[in-house]
Amino acid sequence: MKEDSEILRIVKEDILRILIEKNGSVLKDYIADEIKVSKSFMDKAITQLEKEGLLEYDKNNIKLSNSGKFKALDILEKHLKIEQYFKGIKSQKQAHKISHIIEHYISEEVIDNLKKISTFKNKGDSLIKFKNGEAFITNMKSDDKLFERYVSMGIIPGEKIKIITELPNGLIFKIKGKKIFIAREYAEQIEVLNYEKS
Amino acid sequence: MKKVKFLLIGQPNAGKSSLLNALIGSKVIMSNYPGTTVEITKGKKKIGNLEVEFSDTPGIYSISDRSEEEKVTEMAIFEKDIDGVVIICDACALERSLYMVLQILEADIPVIIALNFVEEAEKKGIDIDYKKIEDILKVPIVPINPLTKRGIGKLLGQIAKYDELPTQSFKIEYDDHIETAIRKISKQIDNPRQKRFIALRILEEDKDFYKYLEDNKIKNIDDIISVHPKIAKDIAVTRYGTAAYIAKNFTKITSLKKEKRLEDKIDKLLLNSIWGPILTFSFFILMFGIILYIGNLIQGYLLGASENLISYFSQFGHSIIYTVLGQGLTGLSIGISIALPYIFLFYLLIGFVEDTGLLTRFIINTERLTKKIGLPGKSFIPLLLGIGCTVPAARATRVLSSKKEQFRAASFFAFIPCSSRIAIIMGIVGFYGGAMLAFYVYITLVIFGLIYAFGLKKATNATPEPLLLELPVYRKPSIKNVFSKSWIRMKDFVYVVIPLLMIFGIIYGILDVTNLTESIVNPFAFVTSWLGLPNKTIIPLMFGFLQKDLTGPMLLSSLGSDIPSALTSLQLYTFGVASTLGIPCIIALGMFIKEFGFKKAITITILMNLYGIIIAGIIWRIISFVGNMF
């Protein structure tokens, strides 16, 4: 189970935000329309949110619980703040879109990628088992400092990578046009999903 | 004249060293392969009546405290009294470059961005609207090309107007929980400036910044962190998200031609799991071949010249003073004629390899080996530099991320003969005992080095830090850059070692003239008898520890020039091992003390040199025992 996966986190946050924007209650189909992820994936997100006590789910109707409202307001507030922050340089509509992205901290393309991944049946594997071709990064396990190193090198969930060579001590892959060598120990902790199989 | 200080900061391979070259002219400073520039190097430039001191920092990806390089840069930004920072950004990797820019802007320092590789980016179809980015970040951006000097004048102009640089630049606004945490921590910080930067560093768990807190710890940490457990990670991604957003929206990517480039072909071969190590190994064999061949030619020429000089000198008489001074001169000429050509050639070739981008590939291939002996891949660079001279190589161990790993790697210099030790093996053992005998000495070093390595690995159960590095694009190295870099690396040797050679030569001359040598030799008779060597060989062994290059001449002065009749082959071999296995000389010991502290340095030196002497003695006993049986 990839409970901690970046996609799931984003989808969960999006569901909460949509709910609060729509006054706390909405039809499931509406959410499905809005966030464009696979049905099974959305179900998983909803089940988890329900388990966490953040929403109530009855047939086709989804409602925020009290603690859910609290959390969703938080997310919305964050969202509005970012929106305001970029309003100065972009149109209203664009600012809104940007804030959707930055609130999950990743680029537009990456978000699209992440959501696309959720429609795949296969849920990804460690980078080391992935011999060649292109893939999306879905999850990175690391301590905080290694994580920052990854991020500052452009290695981040949702980003597309292309494996170039496998060596006995590690892998060489291309990300954003740059070649990077990663040791086996680290590669094992990074999960990816095949890009072509979709 | 007014003096200002500017820092140069950039990611590895962003073109920092060539920019510095272009900025300050002939006085070049090192570049960095994931490498040996761990110290900050400086250069000065006059602009009008302003004197700007540029400090070059090691190339890093971000301000974090994972490695010594990052710590050095972080401290330079934060603690040094600087007037501004020039950040070199790679136009081909704008997103990543901006990540560090955003991080540095948090420190409230005036910043100028130098955008490098703009032409290269344009070729790739990347068009950056840097004016817009300038507006957002509120920081001047100057596109540069250090090779054609494009933008250099403009950059200097910006630096000259340093007091007009905006102090209120763009700041990332993090999510509420993070902002609250920043506020709460800021209240606990006991420093008037840069509170936000310090608070963020503390939230990212940079222990170096805890000293700004009362009692060096965060109060009510649970209260701050509980609402947002993944706070450090979220800070990093927010920064990246913002960088990515800016990069993406102000960059136009037009054509993306997919051409199979030469670079990929080279990499396919060089990073092949079979061919890679073979090519790496062959390359180094070839390199040493070149060094030995050309070094030999230069050495022959220089030796001839210095012999002439010494004989010219001795015609003035044979008084005590001339004998003493003559010894000093011999020491000097040996330093210049033996060590210099090899060391300089070595650094020249290494500099060339690193500037082409090949070295990173070699590191990946050699990591497979270093890992087996419990050393991280990056330790390959200091170990390789050790073949030149142990002293700068010991300093180069700073590339490794912890003092422990640095010390571990440095202890291997006992088995890696530096050029002075190579001179003993080749010039003494090989010259008087034949090439095979020299080869046996090498093999002995390798075997006992490996025994030490595996023993150490087993005993300490060390797991070296895994490798994560970017493969730079292949570039044509600038000859000027390579030369000046080699010079900087061997400066220590010229200014420290060569005068010492002279001084020790003179000391020996005095001892010789005053007949004091006997009183030094006798107390150490047990060492030479353990080694099965004539008592007098303690002189070259001891002087060798003062300065390795003295070993050869001292052996000749104490035993006479007819070495083959004074020492048997076995004795020559034993002498070779005893004088080369260990921490080579007092200068290396000094560097060890500087890097690792007195206690550790002394301990490792005594242990290693004892190890060498014990092994040499045992081998001598075994071989003579076996020899006597037949």
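Cut-offs and rules
Residues numbered from 1 in each chain as written. Chains lettered and ligands numbered in written order. Predicted model: local features only at pLDDT ≥ 70, side-chain atom pairs only at ≥ 80, totals over all residues. Heavy atoms only, no water. Salt bridge = Lys/Arg side-chain N within 4 Å of Asp/Glu carboxyl O. Helix = DSSP H or I, 4+ residues; strand = E, 2+ residues; numbered from the N terminus. Buried < 20%, exposed > 50% of the residue type's maximum accessible area, 1.4 Å probe, protein only. Patch = residues over 30% accessible without salt bridge, like charges linked within 9 Å, V, L, I, M, F, W, Y side chains within 5 Å. Areas by Shrake-Rupley, 256 points an atom, 1.4 Å probe, with all protein chains shown as cover. Lys, Arg positive; Asp, Glu negative; His and termini not counted. Charge placed at Lys NZ, Arg CZ, Asp CG, Glu CD. Expected span 1.5 Å × (residues − 1). Core = buried A, V, L, I, M, F, W, Y, C linked by side-chain atoms within 4.5 Å. Contact = heavy atoms within 4.5 Å. Pairing = 2+ DSSP bridges. Axes fitted to C-alpha atoms, helices over the stretch in contact; angles between N-to-C directions. Buried area = accessible area lost by both parts, 1.4 Å probe. Polar contact = N/O pair within 3.5 Å; in protein donor to acceptor, adjacent residues only side chain to side chain.

## Brief notes about the pattern of salt bridges
Residue and element names in this part refer to chain B.
Point 1. Per the stated rule, a full pass over the model turns up 28 salt bridges over all chains.
Point 2. Here aspartate 108 ties to lysine 171 by a salt bridge, and the two come within 3.3 Å at their closest N and O atoms. Taken together, the positions of aspartate 108 in the loop between α3 (94-105) and β5 (111-116) and lysine 171 in the loop between α6 (152-160) and α7 (176-188) put the pair 63 residues apart, joining distant regions of the chain.
Point 3. According to the relative accessible area criterion, aspartate 108 is partly exposed, its value standing at 35%.

## Let's talk about a positive patch on the surface
Residue and element names in this part refer to chain B.
Point 1. On the surface, a cluster of positive charge is contributed by Lys3, Lys5, Lys42 and Lys44.
Point 2. Going through the elements one at a time, β1 (2-10) and β2 (41-47) are the ones with two or more residues in the positive patch.
Point 3. If you trace the backbone, lysine 3 turns up in strand β1.
Point 4. The exposure class of lysine 3 is exposed, given its relative accessible area of 61%.

## Things to note about helix α26 (residues 569-580) of chain B
Residue and element names in this part refer to chain B.
Point 1. Relative to the 16 Å expected for 12 residues at 1.5 Å per residue, α26 spans 16 Å between its end C-alpha atoms, a close match to the ideal helical length.
Point 2. Of all 12 residues in α26, 10 are buried, a share of seventy percent or more.
Point 3. Within the span of α26, buried status applies to Gln571, Leu572, Tyr573, Thr574, Phe575, Gly576, Val577, Ala578, Ser579 and Thr580.
Point 4. Just downstream of α26, glycine 582 is the residue with a positive phi angle, here 140°.

## Overview of the nonpolar core
Point 1. One finds Phe181 of chain A together with Phe346, Phe362, Ile364, Leu384, Leu385 and Phe592 of chain B to be the most contacted residues of the largest nonpolar core, which totals 100 residues.
Point 2. The residues touching phenylalanine 592 of chain B, leaving out its near neighbours within four places in the chain, are Ala394, Ala410, Phe413, Ile583, Gly597, Ala601 and Ile604 of chain B.
Point 3. Ile9, Ile77, Leu98 and Ile202 of chain B belong to the second largest nonpolar core, which has 62 residues in total.

## Notes on the sheet that holds strand β2 (residues 55-58) of chain A
Residues and elements named next belong to chain A.
Point 1. Strand order in the open sheet formed by 3 strands is β1-β3-β2, with antiparallel pairing between adjacent strands. In this open sheet, the two edge strands, each paired with only one partner strand, are β1 (25-27) and β2. Taken over all neighbouring pairs, the strand axes of this sheet differ in orientation by 20° on average, direction set aside.
Point 2. Pairing of β2 with strand β3 (residues 61-64), which is carried by 4 bridges, proceeds in the antiparallel orientation. Along β3, the bridge assignment pairs glutamate 56 with lysine 63.
Point 3. Against the sheet, helix α2 (residues 28-35) contacts β1, β2 and β3, and its axis sits at roughly 80° relative to β1.

## Examining the interface of chain A and chain B
Point 1. Every contact between the two is made by 47 residues of chain A and, on the other side, 59 residues of chain B.
Point 2. In total, chain A and chain B occlude about 4900 Å² of area from one another, counting both sides; carbon and sulfur atoms represent 56% of this.
Point 3. Summed over the shared surface of chain A and chain B, the number is 8 salt bridges.
Point 4. Glutamate 263 of chain B serves as the salt-bridge partner of lysine 179 of chain A, at 3.8 Å between the closest nitrogen and oxygen.
Point 5. Across the chain A-chain B interface, the total number found is 12 residue pairs in polar contact (both at pLDDT 80 or more).
Point 6. Of all the secondary structure elements, the ones that give two or more residues to the side of chain A that touches chain B are α1 (6-21), α4 (66-87), α5 (92-103), α7 (144-152), β6 (160-167), β7 (170-175), β8 (178-183) and α8 (184-187) of chain A.
Point 7. Take the side of chain A that touches chain B: its biggest share by element is 9 residues, from α7 of chain A.

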